[in-house]
Amino acid sequence: MMKCLYLLSVVFHVAAGVLAQKVKVEPEVVSYPGQTVILRCQFPDKGQTQLTQVSWILENSSGIRNNIAVFHRTFGVVYPASPVQGRVSFTLEPPSLENPTIQITDIALTDEGNYFCEYATYPAGNKKGVTSLILLAKPQNTASTITVHASTSPVSVAQCVSANGRPPATLTWVTNLSGNGKGTVQMSNSDNTVTVRSEYLLTPTAADNGKEITCVVSHRTMTKAENFTMKLVVQYPPQVQIVGYDNNWYVGRTNVVLTCQYQGNPSPPIVNWKTSSGFMPDSVEVAQNKLTVRKVDNSVNTTFICEVTNCLGTGKDQVTVFVRVGQDRTLLQSLSSAVYISPSPGLFLIHDGVLAQKVKVEPEVVSYPGQTVILPCQFPDKGQTQLTQVSWILENSSGTRTFIAVFHPTFGVIYPASPVQGRVSFTLETPSLENPTIQITDIALTDVGNYICEYATYPTGNEKGVTSLILLAKPQNTASTITVRAGTSPVSVAQCVSANGRPPATLTWVTNLSGNGKGPVQTSNSDNTVTVRSEYLLTPTVADNGKEITCVVSHRTMTKAENFTNETGGPMYVHGLFPSFAE
């Protein structure tokens, strides 16, 4: 056992950069510019060895060596010309050959290098130890978005800079966006610091405007990583939709309103209403995006057009009004017994998430378990089309379709057996074919799927709209280190878990260590949530003990990413073999 321990000690001293002689130094000294650095050296167990002289030698990053301090018992002390001349001195007066510790005042970044404490001895010859002096400089970190136009090619949408740091900082992008980080680019500065820059590339769409992206900066001088969370700025032409027409404008009806809904970036400054004939009826009042007909008459029998303009272009929508002689209180019957007519594949087209027919739904509804979900559906611009029946169909993730609600003006309402039976209902006690909105109470994660609002119409056949119901569940996030031994093969030194979330969380490792993340591995749970696990693999050395590693967890339910910072390792079995010095 003692032989094994002795062999381990010898191997350790060589691997750690401390020579296996009797000269004892600190393998590494860390400092900041402007401070005073103490470089210790001892020859405590000389036995019969005669110490005749000790020299301190500075080896810079280019490999050039300079004597900086020399002490001989007879000839005394000398400080040769060197980059540290005038700032270096022995700490004892007079110096001691057994303990010739030196100090360097007003330390500069250019003083970084290897410092050799070298003895001339008799009869063993020269003996030496090496201390690596590492100078740190805390960087100035900034991040900002870059205003871009919606396009079909990747462009830089955000940038992150860590300036004038030493060593270089680590920059990591955390986001749910579908782009990727561009490099990092390092630039060496004249004062021996380094500036690190990274950009995030994305093919930007209108839907990306306002979405979050975070740059995480980690550096040896910082106790924890610094997060910069930003919202993207994507500019795009206006997108326009007119709402408010219920296909029941009859002569004498008063105060009906069309609303021109729009979105665009920059915010559209100009909203313009007009008609296809070029003549605006006298009974019409226009105020910004609202058009009000004070009293319906035959002059309103026209097509209303709303145009919205910003600096990038113009978007428009139009509604054709059909003025009735009297109020339409009944809807024609065209089905006698059929409950469902199977649509032909490809019957409907999707444009910007809304069907290219007249069925209007919300493309996506987001909710949480236990809430009540409203699924709107409208058929506002039917023209001469006759609506005969409406059905709601649930298509689950396996593609299985189930009727959940059906309304026919003659046969009434039915709620067939389905996963949501007893919780689904039309929002109106007497449903309307033009607006058969439904609600589902006490929503569950298993209710996720596509909800299809499908009309049986005459003479055009079936028309439908699809709403994707997305259920969110906030995950429980944890992270921990794994105690390991120093070794020569990669092992897991830390793990990060985001449990029971929906959708799956994104896990990112941020560290200056030289390993890499393993995974992530996703596990589907019985309640339709997902657990995501990731481990960090590293070939651990003694020098890695106590170094920081951060797991960054981002999720759609969280307003900002969650950081878990721990120290890697734990007590490593070779840790106690470092040389020890008293102050």
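Structure first, text after, so check above.
For the structure given in this document, a descriptive report is provided here.

Calculation notes
- Residues numbered from 1 in each chain as written.
- Predicted model: local features only at pLDDT ≥ 70, side-chain atom pairs only at ≥ 80, totals over all residues.
- Heavy atoms only, no water.
- Core = buried A, V, L, I, M, F, W, Y, C linked by side-chain atoms within 4.5 Å.
- Buried < 20%, exposed > 50% of the residue type's maximum accessible area, 1.4 Å probe, protein only.
- Helix = DSSP H or I, 4+ residues; strand = E, 2+ residues; numbered from the N terminus.
- Contact = heavy atoms within 4.5 Å.
- Polar contact = N/O pair within 3.5 Å; in protein donor to acceptor, adjacent residues only side chain to side chain.
- Pairing = 2+ DSSP bridges.
- Axes fitted to C-alpha atoms, helices over the stretch in contact; angles between N-to-C directions.
- Disulfide = S-S within 2.5 Å.

## Re the nonpolar core
Of all hydrophobic cores here, the largest spans 29 residues; its most connected members are Leu375, Trp392, Ile404, Tyr451 and Tyr455. Secondary-structure elements contributing two or more residues to this core are strand S31 (373–375), strand S33 (386–395), strand S34 (401–408), strand S36 (424–426), strand S37 (438–440), strand S38 (449–458) and strand S39 (461–471). Among the elements that take part in this core, S33 stands out by supplying 4 residues, more than any other. Every residue in contact with isoleucine 404, bar those within four places of it in the chain, is listed here: Trp392, Ile393, Leu394, Tyr415, Pro416, Ser418, Val420, Val424, Ile438 and Tyr451.

## Observations regarding the environment of threonine 467
Relative to the helices and strands, threonine 467 is located in strand S39. Each C-alpha atom of the pair threonine 467 and proline 376 lies 8.9 Å from the other, and the pair is 91 residues apart in sequence. When near neighbours in sequence (up to four residues on either side) are disregarded, threonine 467 contacts Val361, Glu362, Pro363, Glu364, Val365, Leu375, Gly449, Asn450 and Tyr451. A polar contact is formed between the side chain of threonine 467 and the backbone oxygen of glutamate 362, at a distance of 2.7 Å.

## Quick notes on the sheet that holds strand S14 (residues 155–165)
Strand order in the open sheet formed by 4 strands is S12-S14-S17-S16, and the pairing between neighbours is antiparallel. The outermost strands of the open sheet, each flanked by one partner alone, are strand S12 (140–145) and strand S16 (180–188). Mean inter-strand twist for the sheet, computed between neighbouring axes without regard to direction, equals 15°. As judged from the 6 bridges shared by S12 and S14, these two strands associate in the antiparallel manner. Bridged to glutamine 140 within S14 is alanine 163.

## A look at the state of the cysteines
Applying the stated rule across the entire model yields 5 disulfides. Linked covalently through their sulfurs, cysteine 160 and cysteine 215 form a disulfide whose S-S length is 2.0 Å. Of note, the bridge from cysteine 160 to cysteine 215 carries an S-S torsion of about -85° and is left-handed in sense. Of the two residues, cysteine 160 is situated in strand S14 and cysteine 215 in strand S18 (residues 212–218); the sequence distance between them amounts to 55 residues. Taken in sequence order, the bonded cysteines of the protein link in the pattern 1-2, 3-4, 5-6, 7-8, 9-10.

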